[in-house]
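In case you want the letters, here they are:
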Amino acid sequence: MVRRSPVGGINMKHTFRLITMTAAMCACVIGLGCGAQAPTPPPGLNGMQLAGWQAYTDLNCGSCHGDAREGQRSEPALTGLGKYWTTDQLVSYLTDPDAVVKSTPRLAYKAEKYSIGMPSASAKSPGYADKARTEKLKAIAEYLLVDID
Ligand code: HEC
């Protein structure tokens, strides 16, 4: 009894230090998350759509289509896509844009209009089939089909 009590005391101290450190680290991460540079997802996304937003951000789709899919002068906005696409069709498109563009006049027109096209397996760049598994592409598709404006 007498010999064990100091050990208990040390353990308590140790535990307390761990908790303090963890709290400090959390505060740090939260602080970074709120930084001006870090992109934040639009509100109201479900889990799958949020994963899609993350993948969209990680794969740098925003470098062409804008961080919030607003488009840029040189690349199209990704809004109102529900009119044209189902989830599965979007997955096929992301897997091999060129093949889909060929059979879709609306996209062929866009591909002509914008000088830098979608990264595609059949073009020189590796495309997204290499970079993301179907599950991830599906999540991106779910995110793209949400109207965030
Ligand atoms: C190098 C620039 C570039 C990048 C990077 C890029 N895109 Fe595109 N995207 C385009 C262009 C240009 C088009 C127009 C049609 C085409 O060329 O296929 C397009 C078209 C699209 C379309 C069809 C739009 C419509 O009107 O139906 C979708 C969906 C899309 N992109 C999603 C994505 C996603 C998701 C990513 C990231 C995984 C991505 N794009 C990355 C340039 C880009």
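Residues numbered from 1 in each chain as written. Predicted model: local features only at pLDDT ≥ 70, side-chain atom pairs only at ≥ 80, totals over all residues.

Participant: Just to check I follow, could you spell out the overall build of the chain for this structure?
Facilitator: Helix and strand counts for the chain stand at 8 helices and 0 strands. Mapped in sequence order, the helices and strands of the chain form the string α-α-α-α-α-α-α-α. Partitioning the intrachain contacts of the chain with sequence separation of at least 6 by distance along the chain shows that 62% fall at a separation of at least 24. (Helix = DSSP H or I, 4+ residues; strand = E, 2+ residues; numbered from the N terminus. Contact = placed C-beta atoms within 7 Å.)

Participant: Looking at this structure, I do not really get the site of the ligand. What am I missing?
Facilitator: As a matter of local geometry, the ligand sits amid 26 residues, with C61, C64, A111, Y114 and G117 nearest to it. Of all the secondary-structure elements, those providing two or more residues to the shell around the ligand are α3 (62-65), α4 (87-95), α5 (97-102), α6 (105-113) and α8 (134-144). By residue class, the composition of the shell around the ligand is 21 nonpolar, 3 polar and 2 charged. (Near = placed C-beta within 6 Å. Nonpolar A, V, L, I, M, F, W, Y, C, P; charged D, E, K, R; others polar.)

Participant: Just checking my understanding: could you explain the nonpolar core for this structure?
Facilitator: One broad trend across soluble globular proteins is that nonpolar side chains are buried collectively. Ranked by internal contacts, the top residues of the largest apolar core, which has 16 residues, are L94 and I140. Only α2 (47-58), α4 and α8 provide two or more residues apiece to this core. Broken down by element, the residue count for this core peaks at 6 residues, all from α8. Not counting residues up to four positions away in its chain, the partners in contact with L94 are Y128, L137 and I140. (Core = buried A, V, L, I, M, F, W, Y, C linked by C-beta atoms within 7 Å. Buried ≥ 20, exposed ≤ 12 C-beta atoms within 10 Å, placed from the backbone.)

Participant: Got a minute to help me understand the packing of α4 against α8 in this structure?
Facilitator: For any two helices packed against each other, one specifies the inter-axial angle together with the distance between the axes. Where α4 contacts α8, the two axes come as close as 9 Å, and the packing angle between them is 120 degrees. The orientation of α4 relative to α8 falls into the category oblique. As for the relative orientation of α4 and α8, their crossing is right-handed in sense. Touching T87, L90, V91, L94 and T95 of α4 are T134, L137, K138, I140, A141, E142 and L144, all from α8. Classifying every residue of the contact of α4 with α8 gives 7 nonpolar, 3 polar and 2 charged. (Axes fitted to C-alpha atoms, helices over the stretch in contact; angles between N-to-C directions. Parallel < 35°, antiparallel > 145°, perpendicular 65-115°, else oblique. Left-handed = near helix turned anticlockwise from the far one by under 90°.)

Participant: Any chance you could explain the confidence of the model for the chain here in plain terms?
Facilitator: Low-pLDDT portions of the prediction should not be read for the details of their coordinates. On average, the chain scores 80 in pLDDT, and the residues at 70 or more come to 70%. Across the chain, the secondary-structure element scoring lowest on mean pLDDT is helix α1 (residues 4-33), at 52, and the one scoring highest is α2, at 96. Scored below 50 in pLDDT, residues 28-35 makes 2 contacts in the model with residues more than four places away or belonging to other chains. (pLDDT = per-residue confidence, 0-100.)

Participant: It is not clear to me how α8 should be interpreted in this structure. Could you clarify?
Facilitator: The periodicity of an α-helix, 3.6 residues per turn, causes residues three or four places apart in sequence to face the same way. Of all 11 residues making up α8, 9 are buried, and the element is well covered by its neighbours. Every buried residue belonging to α8 is among K136, L137, K138, A139, I140, A141, E142, Y143 and L144, and all of these are buried. Buried residues belonging to α8 abut α2, α4 and α7 (128-131).

Participant: Could you clarify how one ought to interpret the packing of α2 against α8 in this entry?
Facilitator: Put simply, α2 and α8 touch, their axes get as near as 7 Å, and they point 105 degrees apart. Judged by the inter-axis angle, α2 sits roughly perpendicular to α8. Touching M48, Q49, A51, G52, W53, A55 and Y56 of α2 are K136, A139, I140, A141, E142 and Y143, all from α8.

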